[in-house]
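Results of the structural survey
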Amino acid sequence: MKKNNILTSTILVGLIFLFVKGQGFVQAEENEVPLIENLSSADFIVRENAYKKLTAQRQQMISNLLNILKQKGSDPRERMLPEFGSSLELTIRLLGEFRAVEAISELIKIIDYAPLLKEDLPLDRRYPAVRALIEIGDPSIPIVMDELAKTSVPLRSKLCALVIKEIETKDIGEILIENAIKNETDSKRKANLQSVLQYLK
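Analysis parameters
- Residues numbered from 1 in each chain as written.
- Predicted model: local features only at pLDDT ≥ 70, side-chain atom pairs only at ≥ 80, totals over all residues.
- Heavy atoms only, no water.
- Axes fitted to C-alpha atoms, helices over the stretch in contact; angles between N-to-C directions.
- Helix = DSSP H or I, 4+ residues; strand = E, 2+ residues; numbered from the N terminus.
- Parallel < 35°, antiparallel > 145°, perpendicular 65-115°, else oblique.
- Left-handed = near helix turned anticlockwise from the far one by under 90°.
- Contact = heavy atoms within 4.5 Å.
- Nonpolar A, V, L, I, M, F, W, Y, C, P; charged D, E, K, R; others polar.
- Salt bridge = Lys/Arg side-chain N within 4 Å of Asp/Glu carboxyl O.
- Buried < 20%, exposed > 50% of the residue type's maximum accessible area, 1.4 Å probe, protein only.

1. Thoughts on the packing of helix α5 (residues 87-97) against helix α8 (residues 128-136)
The relative placement of two packed helices comes down to the angle between their axes together with the axis-to-axis distance. Viewed as axis vectors pointing N to C, α5 and α8 meet at an angle of 10°, and their least axial separation amounts to 7 Å. When the interaxial angle is binned, α5 and α8 end up roughly parallel. Where α5 crosses over α8, the two elements pack in a sense that is left-handed. Mapping the contact onto sequence places Glu-89, Ile-92, Arg-93, Leu-95, Gly-96 and Glu-97 in α5 and Pro-128, Ala-129, Ala-132, Glu-135 and Ile-136 in α8. The residue makeup of the contact of α5 with α8, split by class, is 6 nonpolar, 1 polar and 4 charged.

Encoded structure:
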């Protein structure tokens with residue numbers, strides 16, 4: 001299992017690098033392939049250096065992906081494209097696959113972006129930011145909870161509630177919302193939170 005995880009991570013690093021390179025945010029390096037191959041070196045120092053460099057690449061890749069997300073996610077024309085496999089949708093999916101905690105605030109902004117307008121698909125497949133937030137996991141919870149208190153848009157509330165339910169469980173989600181309602185002093189935020197309970201049934 002551990003070997004498979006390493007292989008998956010290595011492939012993901014390569015795919016993301018190629019994607020952001022194709023978007024014009026990074027330049028190719030001559031030693032891309034040897035760096036990954038060095039993870040299998042018999043020399044500990046070589047393996048350790050490869051790990052550190054790949055970690056730095058990961059950070060740079062996430063930064064580049066965030067640039068794409070901010071650029072395209074704020075463009076109304078891009079968000080109107082019902083296109084599976086658009087650069088915006090792929091960026092969102094990659095940030096989720098990479099468990100990019102740094103992207104949570106930006107993903108919340110476009111949680112209702114849906115490139116797949118097929119009613120028969122589950123919500124987390126129709127809305128890529130929902131799936132990305134679920135994959136990022138527990139770090140998403142505080143920001144999603146804050147969005148639930150802020151928004152009065154039923155779709156956004158429903159999608160945020162789904163994130164909470166998938167990361168935790170329906171029962172724990174209800175407890176989180178009920179505690180938030182109890183501790184909330186702003187009447188509008190409290191009303192928004194109360195409306196969320198119907199989506200956790």
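2. What to know about the pattern of salt bridges
Under the criterion given, the structure shown has 10 salt bridges. The closest approach of N and O atoms between Arg-156 and Glu-147, which form a salt bridge, is 3.1 Å. Arg-156 gets classed as buried once you look at its relative accessible area, which sits at 11%. In this structure Glu-147 comes out as buried when scored by relative accessible area, which is 9%. When salt bridges that share partners are traced, they join Asp-146, Lys-150, Glu-184 and Arg-189 into one network.

3. Comments concerning the packing of helix α9 (residues 141-150) against helix α12 (residues 187-196)
For the pair α9 and α12, the least separation of the axes is 6 Å and the interaxial angle reads 110°. Of the possible angle classes, the one that applies to α9 and α12 is roughly perpendicular. Residues Met-145, Asp-146, Leu-148, Ala-149 and Lys-150 of α9 pack against Lys-188, Arg-189, Asn-192, Leu-193 and Val-196 of α12.

4. As for α5
In terms of burial, α5 is largely enclosed, as 8 of its 11 residues are buried. For α5, every residue scored as buried is listed here: Ser-87, Leu-88, Glu-89, Thr-91, Ile-92, Leu-94, Leu-95 and Gly-96. Following α5 by one or two positions, Arg-99 adopts a phi angle in the positive range, close to 50°.

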